[in-house]
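Topology and contacts: notes
Here's the letter readout for the chains.
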Amino acid sequence: MTKLIIDTTCDRNLEMEQQYDFEVIPLSITLDDKTYLDGEEITVDAVYEAMRSGKVPKTSQISYGSLTKVLDKGIQENEDMIYMSFSSKMSGTYQFAYQIIEDYKEKYPERKIKLIDSRGGAGGGALIAVQALKMIEAGRPFEEIVHQMEWNIDHVFYRFTLRDLNWLVKGGRVNKTTGYVGTALNIKPYLIINDGFIQLSKLVRGEKKIYKKLIEEVKNGVGDFTDQTIGISHGDDEETAKKIEDMIKEALPNCQTQVFRIGAVLGSHIGVGGIGVFYFDERPDWYQN
């Protein structure tokens, strides 16, 4: 049996958690000089509430103990394991996990253990994870699951925006002058993931225009694969996510959608009110809605 492992940078929703069996490794969040394990010692609600009050949480990668706890459980239960980590270009988690997993592979050669760089996270990671979980449920071989996950990573697209440019200023992605002027003029950032990095693609004036741009990109980006499940993630703004969901369904009536809440770790970096849309540009060889 194969067990999928993700970390708390990969979005999940209640449907995903109730339907599938997988392991989640927490990253850490620091608030008011106290450090918590994400989802175990602090809730996503508490983190968003702190951000709304003006606090800026800090985050750090997974711990040795959190990873080995999950790996030891898999070994004890005679499971092969695939750990899909957050982008190696945006976190040290992948590099940290690499040597630990190599040591486990040497110590337990009878078990198949694979570390995969998602080159992203959030709702894009969720789309990849759900397809992997469906393959596990269907009894597909370990090597086929790994191959399909790696192909999916190459073909998933990330398009998102933030409500407040100041969160990009705090993260050092735009300068203070751009943030100040942009906020004053109601300018919204249009962001993409490119080669594992978040990039500021352009600045668009006004919410209506930025959401229209998101929908146009999705409609053009899916190509002939119009009946896929499109992921929508929100930074504690379900109302806007539902609005985007309705717009996508109007533009692509054959598609399905999954709405996710952006977790506390990524929420700490993009702020309250971020919206992301995630899709595949081609139909994978193995795919189920």
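Given the structure is predicted, the values throughout are model-derived calculations rather than measurements. (Residues numbered from 1 in each chain as written. Predicted model: local features only at pLDDT ≥ 70, side-chain atom pairs only at ≥ 80, totals over all residues. Heavy atoms only, no water.)

1. Here we look at the environment of S88
On the secondary structure map, S88 appears in the loop between strand 6 (80-85) and helix 4 (93-107). Along the chain, S88 and Y108 lie 20 residues apart, while their C-alpha atoms are 25 Å from each other. Excluding anything up to four places from it in sequence, S88 contacts Y94, Q95 and D117. A distance of 2.5 Å separates a polar atom in the side chain of S88 from a polar atom in the side chain of D117. (Helix = DSSP H or I, 4+ residues; strand = E, 2+ residues; numbered from the N terminus. Contact = heavy atoms within 4.5 Å. Polar contact = N/O pair within 3.5 Å; in protein donor to acceptor, adjacent residues only side chain to side chain.)

2. What to know about the sheet that holds strand 8 (residues 156-161)
The strand order across the open sheet formed by six strands is 10-9-8-13-11-12, and the pairing between neighbours is mixed. Edge positions in the sheet fall to strand 10 (197-205) and strand 12 (256-261), since each has one partner strand and no second. Taking the axes of each pair of neighbouring strands and ignoring which way they run, one obtains an average angle of 20° across the sheet. The strands that helix 6 (residues 142-155) touches are strand 8 and strand 13 (275-280); relative to strand 8, the one it contacts most, it runs at about 45°. (Pairing = 2+ DSSP bridges. Axes fitted to C-alpha atoms, helices over the stretch in contact; angles between N-to-C directions.)

3. Considering helix 10 (residues 238-251)
Between its terminal C-alpha atoms helix 10 stretches 20 Å, which fits the 20 Å expected from 14 residues at 1.5 Å a residue. When we look at burial in helix 10, the residues that qualify are T240, A241, I244, E245 and I248. Looking down the long axis of helix 10, one finds its buried residues gathered within 145° of arc, a one-sided arrangement. Facing away from the buried side of helix 10 by over 90 degrees, the exposed positions are E239, D246 and E250. (Expected span 1.5 Å × (residues − 1). Buried < 20%, exposed > 50% of the residue type's maximum accessible area, 1.4 Å probe, protein only. Arc of directions from axis to C-beta.)

4. Here we look at the nonpolar core
The biggest cluster of nonpolar side chains holds 69 residues, and the ones touching the most others in it are L4, M16, L71, Y83 and M149. No other element matches helix 5 (residues 122-137), which puts 10 residues into this core. Filtering out sequence-adjacent residues up to four positions away, L71 remains in contact with I5, M81, I100, I101, Y104 and I113. (Core = buried A, V, L, I, M, F, W, Y, C linked by side-chain atoms within 4.5 Å.)

5. A look at the side chain of R159
By the element assignment, R159 lies in strand 8. Look at R159 and you get buried, because its relative accessible area is 11%. A distance of 2.8 Å separates a polar atom in the side chain of R159 from a polar atom in the side chain of E217. The contact partners of R159, leaving out residues within four places of it in the chain, are Y190, L191, I192, L214, E217, I275, G276, V277 and Y279.

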